[in-house]
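Listed below, chain by chain, are the residues.
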Amino acid sequence: MEYKLGNSLKTKSIGNTVNISCPECGKSSSFGVFTNADTRLSARFPLFTHEDVYFLVCPCCASVFTVDERSGKEFKKGEPLSIGSYDLKKLKEFK
């Protein structure tokens, strides 16, 4: 059993990428990069899990993509080339 703690409505902008190609519309542009926290309580060890969710928004077609946490952390540290078009994955649907 797993419970999500809070709803973490605090989305932070952490910058813009270099020009990358959007998988949806095919246009090349600078994507906005945002982060949000995902904290959960579960009945197994560790009791609390926390991860930052990184997502990008295409300014041309408003498609939303996600990247893995490692790439997002590198981008946040100031590594502008850590996110490329090959890193983009469709954002999973929330239920």
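A quick note: this is a predicted structure, and the numbers were derived from the prediction, not measured.

Caption draft 1: Quick peek at the confidence of the model for the protein. Here the protein shows a mean pLDDT of 81. Residues at 70 or above account for 79%. For residues 1-5, every residue scores under 50 in pLDDT, and the model assigns this stretch 18 contacts once sequence neighbours within four places are set aside.

Caption draft 2: Here's a closer look at the nonpolar core. Of all hydrophobic cores here, the largest spans twelve residues; its members are Ile-20, Cys-22, Phe-31, Val-33, Tyr-54, Leu-56, Cys-58, Phe-65, Val-67, Phe-75, Ile-83 and Leu-88. When contributions to this core are tallied by element, the ones reaching two or more residues are strand E3 (28-42), strand E4 (48-57) and strand E5 (64-67). Setting aside residues up to four positions removed in sequence, Leu-88 forms contacts with Ile-20, Ser-21, Pro-23, Phe-31, Leu-56, Phe-65, Thr-66 and Val-67.

Caption draft 3: Representation of the pattern of salt bridges. The tally for this structure, following the rule as stated, stands at four salt bridges. One salt bridge connects Glu-24 with Lys-90, and the closest N-O pair in it is separated by 3.5 Å. Of this pair, Glu-24 sits in the loop between strand E2 (12-21) and E3 while Lys-90 is found in strand E6 (residues 89-90), placing the two residues 66 residues apart along the sequence. On the basis of relative accessibility, which here comes to 48%, the residue Glu-24 falls in the partly exposed class. Of the charged contacts, one joins Glu-69 and Lys-73 as a salt bridge, the two residues approaching to 3.6 Å between their closest N and O atoms. Remark: Lys-73 and Glu-69 occur in helix H1 (residues 69-76); sequence separation between them is four residues, near one turn of the helix. The exposure class assigned to Glu-69 is partly exposed, which follows from its relative accessible area of 28%. Residue classification places Lys-73 among the partly exposed positions, given a relative accessible area of 40%. Each of the salt bridges in this network shares a partner with another, and the network as a whole consists of Asp-68, Arg-70 and Glu-74.

Procedures and definitions
Residues numbered from 1 in each chain as written. Predicted model: local features only at pLDDT ≥ 70, side-chain atom pairs only at ≥ 80, totals over all residues. Heavy atoms only, no water. pLDDT = per-residue confidence, 0-100. Contact = heavy atoms within 4.5 Å. Core = buried A, V, L, I, M, F, W, Y, C linked by side-chain atoms within 4.5 Å. Buried < 20%, exposed > 50% of the residue type's maximum accessible area, 1.4 Å probe, protein only. Helix = DSSP H or I, 4+ residues; strand = E, 2+ residues; numbered from the N terminus. Salt bridge = Lys/Arg side-chain N within 4 Å of Asp/Glu carboxyl O.

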